[in-house]
Amino acid sequence: MSRIKTPATIAEAPQAARPLLEAVEGSLGSVPNLFRLVGNSPETLEGMLGMNGALAKGSLNPATRERIALAIANYNGCSYCNSAHTYLAKNIAKLDEAEIAANRSGHSTDAKADAAVQFALKIAEQRGRVSEGDIAAARLAGFSDGELVEIVGHVAYNILTNYLNEAFGTQIDFPLVEAARAA
């Protein structure tokens, strides 16, 4: 059970959040609990959706974005995000079970994606203080400076959603996939 109120419907959300939640419903066909919970702060919801929308226009393909989300969710121990991104990885990005398992452990079966996921996980583990070698490894795999910045953006976005879910105990509305927690 959530630690703060999660509006059951769009109509129960604060007035300023309703158009944003309606846009989520139009895009996804439903409004996952995370978005309704964050709707308690229309400003936070607007910022979260804006960042997500901007990053979706970036150079990283949807599969790599889901791979990063899975690695970060598992690292942070966020079962909500692990569940949601497992669903998206399977149904939208069309990743198989072996790939999803690799992503949760901070890797990928695809060499270039593996470099992105490893770099993303290093960013989270080191709280941004990655080494020159970490950056060089991602560049060697073929990532541009812009894409490296984008990877940091995805890490930051996923940390935001992980922390929101963990802080407030968002009720999971996807098939449950328990996340491991980093030591």
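See the structure printed just above.
Given the structure is predicted, the values throughout are model-derived calculations rather than measurements. (Residues numbered from 1 in each chain as written. Predicted model: local features only at pLDDT ≥ 70, side-chain atom pairs only at ≥ 80, totals over all residues. Heavy atoms only, no water.)

A. Layout of the environment of Ile-123. Assignment of secondary structure puts Ile-123 in helix H7 (residues 111-125). Each C-alpha atom, one on Ile-123 and one on Ser-144, is 17 Å from the other, the two residues being 21 residues apart in sequence. If near-sequence neighbours (up to four positions away) are discounted, Ile-123 is found in contact with Gly-128, Val-130, Ile-151, Val-152 and Val-155. (Helix = DSSP H or I, 4+ residues; strand = E, 2+ residues; numbered from the N terminus. Contact = heavy atoms within 4.5 Å.)

B. Layout of the packing of helix H5 (residues 79-91) against helix H6 (residues 97-104). Axis separation between H5 and H6 bottoms out at 10 Å; the angle between their running directions is 145 degrees. With respect to the hand of their crossing, H5 and H6 are arranged in right-handed fashion. Touching Asn-82, Thr-86, Ala-89 and Lys-90 of H5 are Glu-97, Ile-100 and Arg-104, all from H6. A breakdown of the residues in the contact of H5 with H6 according to their chemical character gives two nonpolar, two polar and three charged. (Axes fitted to C-alpha atoms, helices over the stretch in contact; angles between N-to-C directions. Left-handed = near helix turned anticlockwise from the far one by under 90°. Nonpolar A, V, L, I, M, F, W, Y, C, P; charged D, E, K, R; others polar.)

C. View of the nonpolar core. By size, the foremost hydrophobic cluster in this structure holds 21 residues, and its most contacted members are Leu-21, Phe-35, Val-38, Leu-45 and Met-48. For this core, the elements supplying multiple residues, two or more each, are helix H1 (18-28), helix H2 (33-38), helix H3 (42-56), H5 and helix H9 (145-168). Of the residues forming this core, the biggest block, four residues, is contributed by H2. The contact partners of Met-48, leaving out residues within four places of it in the chain, are Leu-34, Phe-35, Val-38, Tyr-157, Leu-160, Thr-161 and Leu-164. Counting 14 residues, the second-largest nonpolar core is a separate cluster that includes Ala-116, Ala-120, Ile-151 and Val-155. (Core = buried A, V, L, I, M, F, W, Y, C linked by side-chain atoms within 4.5 Å. Buried < 20%, exposed > 50% of the residue type's maximum accessible area, 1.4 Å probe, protein only.)

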